[in-house]
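Each chain, letter by letter, is given below.
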Amino acid sequence: MWTLQTPPCLPVPSCSYRPISIAFRPSKPKPSNNYNDSIQSFCQKGQLKEALQLLFHEPNPTQRTYELLILSCSHKRSLSDALTVHRKLIDDGFEQDPFLATKLINMFSDLDSIDRVRQVFDKTFNRTIFLWNAFFRALTLAGHGIEVLDFYTHMNRIGIPSDRFTYTYVLKACVASESLVSLLPKGKEIHCHILRHGYERHLHIMTTLIDVYARFGCVGSASCVFSQMPQKNLVSWSAMLACYAKNGKPLDALELFREMMSNALLPNSVTMVSVLQACAALAALEQGKILHGYILRKGLDSILPVLSALVTMYAKCGALELGRRVFDQMGKRDVVAWNSMISSYGLYGFGAKSIEIFREMIRHGVSPSPISFVSVLGACSHAGLVAEGKQLFDSMSKEHKIYPSVEHYACMVDLLGRANQLEEAAIIIQDMRIEPGPKVWGSLLGSCRIHCNVDLAERASRRLFELEPTNAGNYVLLADIYAEARMWDKVKQVKKLLEAKGLRKVSGCSWIEVKRKIYSLQSVDEINMQIEQIHALVLKLSMEMKQNGYVPDTRIVLYDLEEEEKERILLGHSEKLAVAFGLINSSKGETIRISKNLRLCEDCHSFTKLISKYTNREILVRDINRFHHFRNGVCSCGDYW
DNA sequence: TCCTTGCCAC
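Being a predicted model, the structure only gives us computed values, none of them experimental.

Colleague: Go over the overall build of chain A, please, and point to the residues and values.
Modeller: A count of helices and strands for chain A gives 32 helices and six strands. C-alpha atoms of chain A, sized along the principal axes, occupy 100 × 55 × 50 Å. Counting over 641 residues, chain A shows a buried share of 50%. Considering only contacts within chain A whose residues lie at least 6 apart along the sequence, 65% involve residues at least 24 apart. Side-chain charges of chain A comprise 77 positive and 66 negative groups, with the mean position of each set lying 4 Å from the other.

See below:
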């Protein structure tokens, strides 16, 4: 299944390096054990200044002396001391020591000083494979993946053999770049090199490969590598699990987790985080609670990422209060933990609460991250808090020195667009300092859909079709807008365009957990054994609802059909089927929890409001963006979503 | 001397 592809030739690095074999020989090898013991003792105690004083009083420091000092500078994260050590090292004639050069590269990498990493690499003539590997690691960590790949090509060309470490770094380099061009072909090419050099049984390289394919969204390739691995450990299982959880395959993730447990492999905190994500994606509350129990029994409840994942899991499963309880019991909270809570409130449309937690975080001395702003601005958007959102957006660069990224602009466009300030949203896009990507135009198009603005929608979709020619969702949105405006010829045109590109509309799907099992319902569902019973109930309910004021919202049906036919289509929406399935399979008074893969349509929304009143049930629906909590005929979103 | 998995937003 691996095709050997030769990607377009990468440019040779601008500066061409030739390895010059000058063996380094320290000038005066003088054993100085007591001295190094003292240095080591100071370094271990974190007394770097004292160690440096000793350095300047010792006439003959050794390689070991510098190794100790370099490690200590990394540990103390002190760039000024690092520069002092570097200068003295050069003065003492150690500049060409490849061992110390490797250590220096690691140190400057730890200190985020990538220019000095390059400088050390440039100046070292005897480039051992250790030096190359450290250099690649540093560049990869700094996000300069393309540069690593250029050097790797160069390294191959001049005949320097890679070792097993090189492969892990160059693989990671493929996913460590902000380049718009996918480096997947390069990753596949390196995969071929790895096979050719007989590393197909190497545990670490194969695990890295799984992770890299996962990040490219190539679930099939990742699982192919995984099943072919002769030995696996907890890390490789966890990597595969994360791959499923992150790529929209939560059921596969849970299945793999079960398999892992039956192989007597004990999950660690990292494993649990991915499994929790899978539960969150499925809104599988009961499963999630079982995992929480396991986490408590195994003492994993002191690990921050696990707790943050728990907060998010509970919130996404419709149990915001349980998430809040976990959050309240956290002894220490990092920015991720705070962000989890900020976005959880946002998910429920509790904008004011989200802002409150955001401010509380700052009061606690935790600086907001770019994601904090995505979360809080998203919350403002769902709650219609336009003024607050604008103020927060302003404070980003002014108070927190965080410069808005495409995601932040997309939030602002969404905030204004939803609030029917479409022109202002368009102005934001016009004035952006960075290239507005598909997320930004997509937000605008989504808002045009809500407020049925055909002109602006045409503008946005023209740009979107260029940027994302294969995203069916954009075509569907535009067709929706035309349908609502009753421009049936235009609807037909868009549909033809969709067909001509071989694209298909993502079909609606809802799922619901009944007695710890997850059931999915699709608009056209033949698999579910109860389907006839479900359809009958939906029909019965709709007739009764009609007597209670339900008017089917046939505007959203994308076909120019008779009203009756449109109504029939509306009744087949997966969310209504899920509501009926929930009513049939749960006991009286029990809350019905449903998730769906698309935005909730207006008709299902008003239908469910009435059902909640008529059947006296609380119904919680999570759509692609947020929660709707239906109670006694009203929805928590206040019909603003 | 250097290697593998994870939390928060879309």
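Colleague: Residue-level account of the protein's contact with DNA strand B, with values.
Modeller: Of all residues adjacent to DNA strand B, which total 39 residues, the nearest are Phe130, His204, Val273, Gln277 and Asn339. One nitrogen or oxygen atom from the side chain of Asn133 is found 3.1 Å from a base oxygen belonging to DNA strand B. Considering only residue class, the surface near DNA strand B consists of 14 nonpolar, 17 polar and eight charged.

Colleague: Could you give an account of the packing of helix H6 (residues 114-123) against helix H7 (residues 129-141), naming the residues involved and the relevant values?
Modeller: For any two helices packed against each other, the geometry is given by the interaxial angle and the distance between the axes. H7 packs onto H6 with a crossing angle of 160° between their chain directions and a minimal axis gap of 10 Å. Judged by the inter-axis angle, H6 sits roughly antiparallel to H7. Pair H6 / H7 crosses with left-handed handedness. On H7, the residues that touch Ile114, Val117, Arg118 and Phe121 of H6 are Leu131, Trp132, Phe135, Ala138 and Leu139. By residue class, the composition of the contact of H6 with H7 is eight nonpolar, no polar and one charged.

Colleague: Could you give an account of the packing of aromatic side chains, naming the residues involved and the relevant values?
Modeller: A full pass over the atoms with the stated rule returns 19 aromatic pairs. Taking the centre distance of 5.9 Å and the plane angle of 65° together, the rings of Trp132 and Phe136 count as edge-to-face. Taken as a pair, Trp132 and Phe136 lie in helix H7 at a separation of four residues, close to a single helical turn. What makes Trp132 buried here is its relative accessible area of 1%. Every member of this aromatic cluster is reached through a ring pair, and the members are Phe121, Trp132, Phe135, Phe136 and Phe151. Lys88 extends its terminal NZ or CZ atom over the ring of Phe56, reaching a point 5.5 Å from the ring centre. The ring of Trp338 has Arg333 sitting right over it, with the charged end atom 5.1 Å from the ring centre.

Colleague: Residue-level account of the UniProt feature "repeat: PPR" (unreviewed entry) in chain A, with values.
Modeller: Under the UniProt annotation, the feature "repeat: PPR" (unreviewed entry) is placed at residues 233-267 and 334-368. Between the C-alpha atoms that bound residues 233-267 there is a distance of 11 Å. The span itself is 74% helix and 0% strand. Annotated as residues 334-368, this span is 74% helix and 0% strand, and its ends, taken at the C-alpha atoms, are 10 Å apart.

Colleague: Which residues make up helix H22 (residues 386-400), and what values do they have?
Modeller: With 15 residues, H22 extends 20 Å from end C-alpha to end C-alpha; this agrees with the ideal 21 Å at 1.5 Å per step. Most pronounced at Asp394, the bend in H22 amounts to some 30°. Among the residues making up H22, those that are buried are Val386, Gly389, Leu392, Phe393, Ser395 and Met396. Buried-residue contacts for H22 involve helix H20 (351-363), helix H21 (370-383) and helix H23 (406-418). Just downstream of H22, Lys401 is the residue with a positive phi angle, here 55°.

Colleague: Talk me through the pattern of salt bridges; I want residue IDs and the actual numbers.
Modeller: All told, the structure shown has 26 salt bridges when counted by the stated rule. Of the charged contacts in the structure, one is a salt bridge between Glu189 and Lys186, with a shortest N-O distance of 3.4 Å. On the criterion of helical spacing, the pair formed by Glu189 and Lys186 is a turn pair, its members being three residues apart in helix H10 (residues 184-196). The residues Glu189 and Lys186 share a single accessibility class, namely buried. Glu424 is the partner of Lys390 in a salt bridge, and the nearest nitrogen-oxygen pair spans 3.1 Å.

Colleague: I'd love a proper account of the layout of surface pockets, names of residues and values included.
Modeller: Think of a ball as big as a water molecule: rolled over the atoms, this probe shows where empty space is left. Approximately 420 Å³ is the volume found for the second largest pocket. Contributing to the lining of the second largest pocket are 18 residues, with Asp211, Arg215, Ser238, Ala239 and Ala242 lying nearest its centre. Elements with a contribution of two residues or more to the lining of the second largest pocket: helix H11 (203-215), helix H13 (234-246) and helix H15 (269-282).

Colleague: Lay out the UniProt feature "domain: DYW" (unreviewed entry) in chain A with the relevant residues and their values.
Modeller: As recorded in UniProt, the sites labelled "domain: DYW" (unreviewed entry) are residues 549-641. Secondary structure content for residues 549-641 is 37% helix and 17% strand, and the end C-alpha separation is 22 Å.

Colleague: If you had to explain the side chain of Ser274 to someone new, which residues and values would you point to?
Modeller: Mapping Ser274 onto the fold places it in helix H15. With residues near it in sequence (within four places) discarded, Ser274 still touches Leu241, Ala242 and Ala245.

Colleague: Can you tell me about the nonpolar core, naming the residues and giving the values?
Modeller: Ranked by internal contacts, the top residues of the largest apolar core, which has 167 residues, are Leu69, Ile105, Phe136, Ile190 and Leu444. By residue number, the principal contributor to this core is helix H17 (residues 304-316), which donates nine residues. Ignoring anything within four residues of it in the chain, the contact list for Ile105 reads Val117, Val120, Phe121, Leu131, Ala134, Phe135 and Ala138. Formed by 33 residues, the second largest nonpolar core is a distinct cluster that contains Ile531, Leu541, Ala580 and Cys601.

Definitions and cut-offs
Residues numbered from 1 in each chain as written. Chains lettered and ligands numbered in written order. Predicted model: local features only at pLDDT ≥ 70, side-chain atom pairs only at ≥ 80, totals over all residues. Heavy atoms only, no water. Helix = DSSP H or I, 4+ residues; strand = E, 2+ residues; numbered from the N terminus. Buried < 20%, exposed > 50% of the residue type's maximum accessible area, 1.4 Å probe, protein only. Contact = heavy atoms within 4.5 Å. Lys, Arg positive; Asp, Glu negative; His and termini not counted. Charge placed at Lys NZ, Arg CZ, Asp CG, Glu CD. Near = heavy atom within 4 Å. Polar contact = N/O pair within 3.5 Å; in protein donor to acceptor, adjacent residues only side chain to side chain. Nonpolar A, V, L, I, M, F, W, Y, C, P; charged D, E, K, R; others polar. Axes fitted to C-alpha atoms, helices over the stretch in contact; angles between N-to-C directions. Parallel < 35°, antiparallel > 145°, perpendicular 65-115°, else oblique. Left-handed = near helix turned anticlockwise from the far one by under 90°. Phe/Tyr/Trp six-rings, centres within 6.5 Å; stacked < 30°, edge-to-face > 60°. Lys NZ or Arg CZ within 6 Å of the ring centre and 35° of its normal. UniProt positions renumbered as here; feature names shortened; annotations may be inferred. Expected span 1.5 Å × (residues − 1). Bend = angle between axes of the 7 residues up to and from the residue. Salt bridge = Lys/Arg side-chain N within 4 Å of Asp/Glu carboxyl O. 1 Å grid on protein atoms, 1.4 Å probe; cavity = no way out; pocket = protein on both sides within 12 Å on 5 of 7 lines; lining within 4 Å. Points joined across faces, edges and corners; volume = space filled by probe spheres on them. Core = buried A, V, L, I, M, F, W, Y, C linked by side-chain atoms within 4.5 Å.

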